[in-house]
Amino acid sequence: ERCVVFTRGTTDSINMAALGLSHLLGPGDCVVTTVLEHHSNFVPWQMACKRQGADFAVADIDEAGDIDLNGLSRLIDESRPKIVAVSACSNVLGCVAPLKSIVSLAHEVGALCLVDGAQAMRHTRIDVQDIGCDFLCFSGHKIMAPTGIGVLYGSPAALELVEPSAFGGEMVDIVKPDETTFEQL
């Protein structure tokens, strides 16, 4: 109950994460993603890096059209990213990412790992505790829910790092003219 933020869809979820985590990025920092990403999991990170002066690194695919895991590993090891953002399943080639391996690579260098689960949710069960990702995003319509509903799952520790990008309602604790504090997750 403390790990799910309801959103308008996958794109909204990823944008919320990218905007909310951009304060972690600055010159010399990096976000790593892959060429297999849907624009929803590519452009928000690219723009966050551009705004913050951080590097944006993109891993390639191998000859079979899958994520080049060795190349991704080298890229993560060399760039020491703050965030790794990867699709569970490509909407272009249909390849399935080795999520446990990718999350492990990210965590080895202290990076957060966001998984775009939009294409995978209909076809497989994603156990966030098993793969260990920090964030998982997906849209409700992919699993027969109404359109316009999405989920940003985050571990409690990861969600604490996300700064709000929209304000109001029941998210506030105390509001004063010179300061506002926020409720706990």
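Residues numbered from 1 in each chain as written. Predicted model: local features only at pLDDT ≥ 70, side-chain atom pairs only at ≥ 80, totals over all residues. Heavy atoms only, no water.

As for the pattern of salt bridges
And then number 1: Going through the model one piece at a time under the given rule, you end up with 4 salt bridges.
And then number 2: In this structure, Arg80 and Asp77 form a salt bridge, with 3.5 Å as the shortest nitrogen-oxygen distance.
And then number 3: Of the residues examined, Arg80 reaches a relative accessible area of 45% and is grouped as partly exposed. (Salt bridge = Lys/Arg side-chain N within 4 Å of Asp/Glu carboxyl O. Buried < 20%, exposed > 50% of the residue type's maximum accessible area, 1.4 Å probe, protein only.)

Here we look at the sheet that holds strand S4 (residues 83-87)
Hydrogen bonds between backbone atoms are what pair the strands of a sheet, whose relative direction is either parallel or antiparallel.
And then number 1: The 7 strands lie next to each other as S1-S7-S6-S5-S4-S2-S3, forming an open sheet whose pairing is mixed. Either end of the sheet is taken by a strand with one partner, and the two such strands are strand S1 (4-7) and strand S3 (55-59). Between one strand axis and the next, the sheet turns by 15° as a mean value, whatever way the strands run.
And then number 2: Against the sheet, helix H2 (residues 43-52) touches strand S2 (30-34), S3, S4 and strand S5 (112-116), its axis set at about 150° to S3.
And then number 3: The sheet strands contacting helix H4 (residues 99-108) are S4 and S5, and the helix crosses S5 at an angle near 155°. (Pairing = 2+ DSSP bridges. Helix = DSSP H or I, 4+ residues; strand = E, 2+ residues; numbered from the N terminus. Axes fitted to C-alpha atoms, helices over the stretch in contact; angles between N-to-C directions. Contact = heavy atoms within 4.5 Å.)

Some remarks on the packing of aromatic side chains
Aromatic rings in a pair are described by how distant their centres are and how their planes are angled relative to each other.
And then number 1: All told, the structure shown has 2 aromatic pairs when counted by the stated rule.
And then number 2: For the pair Phe42 and Phe56, a centre-to-centre distance of 5.0 Å together with 90° between the ring planes defines the contact as edge-to-face. Residue Phe42 is located in the loop between S2 and H2, and its partner Phe56 is located in strand S3; the two are separated by 14 residues in the primary sequence.
And then number 3: What makes Phe56 partly exposed here is its relative accessible area of 23%. (Phe/Tyr/Trp six-rings, centres within 6.5 Å; stacked < 30°, edge-to-face > 60°.)

Comments concerning the side chain of Thr10
And then number 1: By the secondary structure assignment, Thr10 is in helix H1 (residues 10-21).
And then number 2: Given a relative accessible area of 6%, Thr10 falls into the buried group.
And then number 3: Separated by 2.7 Å, the side chains of Thr10 and Ser139 make a polar contact.
And then number 4: Contacts of Thr10, omitting those with residues within four sequence positions, involve Asp116, Ala118, Cys137, Phe138 and Ser139. (Polar contact = N/O pair within 3.5 Å; in protein donor to acceptor, adjacent residues only side chain to side chain.)

Overview of the packing of H1 against H2
And then number 1: Packing of H1 against H2 brings their axes to within 9 Å, and their N-to-C directions diverge by 15°. Here H1 is positioned roughly parallel relative to H2, judged by the angle of their axes. Between H1 and H2 lies a crossing of right-handed hand. From H1, Ile14, Asn15, Ala17, Ala18, Leu19 and Leu21 reach across to H2, where they touch Pro44, Trp45, Ala48 and Arg51.
And then number 2: Looking at the contact of H1 with H2 residue by residue, the class counts come to 8 nonpolar, 1 polar and 1 charged. (Parallel < 35°, antiparallel > 145°, perpendicular 65-115°, else oblique. Left-handed = near helix turned anticlockwise from the far one by under 90°. Nonpolar A, V, L, I, M, F, W, Y, C, P; charged D, E, K, R; others polar.)

Comments concerning empty space enclosed by the protein
Remark: the empty space left among the atoms is shown by a probe the size of a water molecule rolled over them.
And then number 1: Applying the stated criterion to the full structure yields 1 cavity of 30 Å³ or more.
And then number 2: The space that makes up the largest cavity amounts to roughly 40 Å³. (1 Å grid on protein atoms, 1.4 Å probe; cavity = no way out; pocket = protein on both sides within 12 Å on 5 of 7 lines; lining within 4 Å. Points joined across faces, edges and corners; volume = space filled by probe spheres on them.)

Side note on the layout of surface pockets
And then number 1: Put simply, the largest pocket is a space of about 670 Å³.
And then number 2: Taken together, 24 residues line the largest pocket, and the ones lying closest to its centre are Val5, Val162, Pro164, Met171 and Leu185.
And then number 3: At the level of secondary structure, the elements contributing two or more residues to the lining of the largest pocket comprise S1, H1 and helix H6 (156-161).
And then number 4: Counting residues per element, the lining of the largest pocket draws most heavily on H1, which supplies 4 residues.

A look at a negative patch on the surface
And then number 1: Taken together, the side chains of Asp60, Asp62, Glu63 and Asp66 define an acidic patch exposed on the protein surface.
And then number 2: In this structure, Glu63 sits in the loop between S3 and helix H3 (69-79).
And then number 3: Classification of Glu63 by relative accessible area gives exposed; the value is 88%. (Patch = residues over 30% accessible without salt bridge, like charges linked within 9 Å, V, L, I, M, F, W, Y side chains within 5 Å. Areas by Shrake-Rupley, 256 points an atom, 1.4 Å probe, with all protein chains shown as cover. Lys, Arg positive; Asp, Glu negative; His and termini not counted. Charge placed at Lys NZ, Arg CZ, Asp CG, Glu CD.)

Some remarks on the nonpolar core
And then number 1: Of all hydrophobic cores here, the largest spans 34 residues; its most connected members are Val32, Val84, Ile102, Cys133 and Leu136.
And then number 2: With 5 residues, H4 is the single largest residue contributor to this core.
And then number 3: Other than its neighbours up to four places away in sequence, Cys133 contacts Val103, Cys113, Val115, Val128 and Tyr153.
And then number 4: Counting 20 residues, the second-largest nonpolar core is a separate cluster that includes Ile14, Trp45, Ala48 and Val162. (Core = buried A, V, L, I, M, F, W, Y, C linked by side-chain atoms within 4.5 Å.)

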